[in-house]
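# Observations on chain architecture
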Amino acid sequence: MTTPAKSQPTQRTDKHSLFTRIFHWVGALLIIVAFISINMGDEYISLHKSIGASFFIWTVLRIINRFITKTPPHPPMPKWQTAIAHLTHLGLYVAMLAMPITGMLMSMYGGRGVSVFGLFGLPSVVGIDRQMAKVMNGLHTGMVFYVLVFLVIAHVGGALYHQFVMKDDLMSVMK
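Residues numbered from 1 in each chain as written. Predicted model: local features only at pLDDT ≥ 70, side-chain atom pairs only at ≥ 80, totals over all residues. Heavy atoms only, no water.

- With an unreviewed UniProt entry as reference, the protein is termed Cytochrome b, source organism Moraxella nonliquefaciens.
- Comment text from UniProt for the protein, heading Subcellular location (unreviewed entry), reads "Cell membrane".
- The protein has a UniProt comment under Sequence similarities (unreviewed entry) that states "Belongs to the cytochrome b561 family." (UniProt positions renumbered as here; feature names shortened; annotations may be inferred.)

Below, the structure written as structure tokens:
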């Protein structure tokens, strides 16, 4: 399979649907705001939980949208790059679900509720178990967090590579 010449930029005319683009950019914003809020101090933990619960709901809606919305074709690239792109996207979806789930379970196992901006509280699906709260905390702030960061960096790096090295205008599908 051939790839476009590096010196000739490609102009893409196909884009993701408006809903897909909104899900993508609002999701990215929610991740950034959740990260900022948790680093602002303990007095912002309720805000962090609300953003996290909202992000979970947003991600579920995003996945539903992904199944019902057609995606634009990938630019020509080697099969191994296509495979890595698919694995990265799958990993991102899994991590974007695991991050808020482990956070909510950490709170619930710790006997603390999860309120969504004071509008409604999420029902606890587990009993109080301090040991499991610690396990969920370790996953939420450790493994899941680092996997999510790695995958976001890989995703952004791949998009930048396509935009500026391959010059296939891949990033325009999300504008």
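There is more to say, and it comes next.
### Thoughts on helix 1 (residues 18-38)
- The end-to-end C-alpha separation of helix 1 is 30 Å, in line with the 30 Å expected for 21 residues at 1.5 Å each.
- All buried positions along helix 1 are accounted for by Thr 20, Arg 21, Phe 23, His 24, Gly 27, Leu 30, Ala 34 and Ser 37.
- Those residues of helix 1 that are buried lie in contact with helix 2 (45-68) and helix 4 (130-166). (Helix = DSSP H or I, 4+ residues; strand = E, 2+ residues; numbered from the N terminus. Expected span 1.5 Å × (residues − 1). Buried < 20%, exposed > 50% of the residue type's maximum accessible area, 1.4 Å probe, protein only. Contact = heavy atoms within 4.5 Å.)

### Considering the UniProt feature "transmembrane region" (unreviewed entry) in the protein
- UniProt records the feature "transmembrane region" (unreviewed entry) for residues 18-38, 50-69, 90-110 and 143-165 in the present numbering.
- Secondary structure across residues 50-69 comprises 95% helix and 0% strand; the distance between its end C-alpha atoms is 28 Å.
- For residues 143-165, helix accounts for 100% and strand for 0%, while the C-alpha atoms at its two ends are 31 Å apart.

### A word on the UniProt feature "domain: Cytochrome b561 bacterial/Ni-hydrogenase" (unreviewed entry) in the protein
- With numbering matched to this structure, UniProt assigns "domain: Cytochrome b561 bacterial/Ni-hydrogenase" (unreviewed entry) to residues 16-174.
- In the segment residues 16-174, helix accounts for 71% and strand for 4%; the C-alpha atoms at its two ends are 6 Å apart.

### Considering the side chain of His 24
- Of note, His 24 is situated in helix 1.
- Leave out the neighbours within four places in its chain, and His 24 touches Arg 62, His 155 and Met 174.

### Examining the packing of helix 2 against helix 3 (residues 79-109)
- Relative orientation of the contacting elements helix 2 and helix 3 amounts to 145 degrees, with a least axis distance of 9 Å. When you trace helix 2 past helix 3, the crossing you get is left-handed. Within the contact between the two elements, helix 2 uses Lys 49, Gly 52, Ala 53, Phe 55, Phe 56, Thr 59, Val 60, Arg 62, Ile 63 and Arg 66 and helix 3 uses Tyr 93, Met 96, Leu 97, Pro 100, Ile 101, Met 104 and Ser 107.
- Its residues assigned to classes, the contact of helix 2 with helix 3 shows eleven nonpolar, three polar and three charged. (Axes fitted to C-alpha atoms, helices over the stretch in contact; angles between N-to-C directions. Left-handed = near helix turned anticlockwise from the far one by under 90°. Nonpolar A, V, L, I, M, F, W, Y, C, P; charged D, E, K, R; others polar.)

### Some details on the nonpolar core
- With 13 residues, the main nonpolar core has Met 96 and Leu 148 as its most contacted residues.
- Looking at this core, the elements that each hand over two or more residues are helix 1, helix 2, helix 3 and helix 4.
- With sequence-adjacent residues up to four places away left out, Met 96 is seen in contact with Ile 31, Phe 55, Thr 59, Arg 62 and Leu 148. (Core = buried A, V, L, I, M, F, W, Y, C linked by side-chain atoms within 4.5 Å.)

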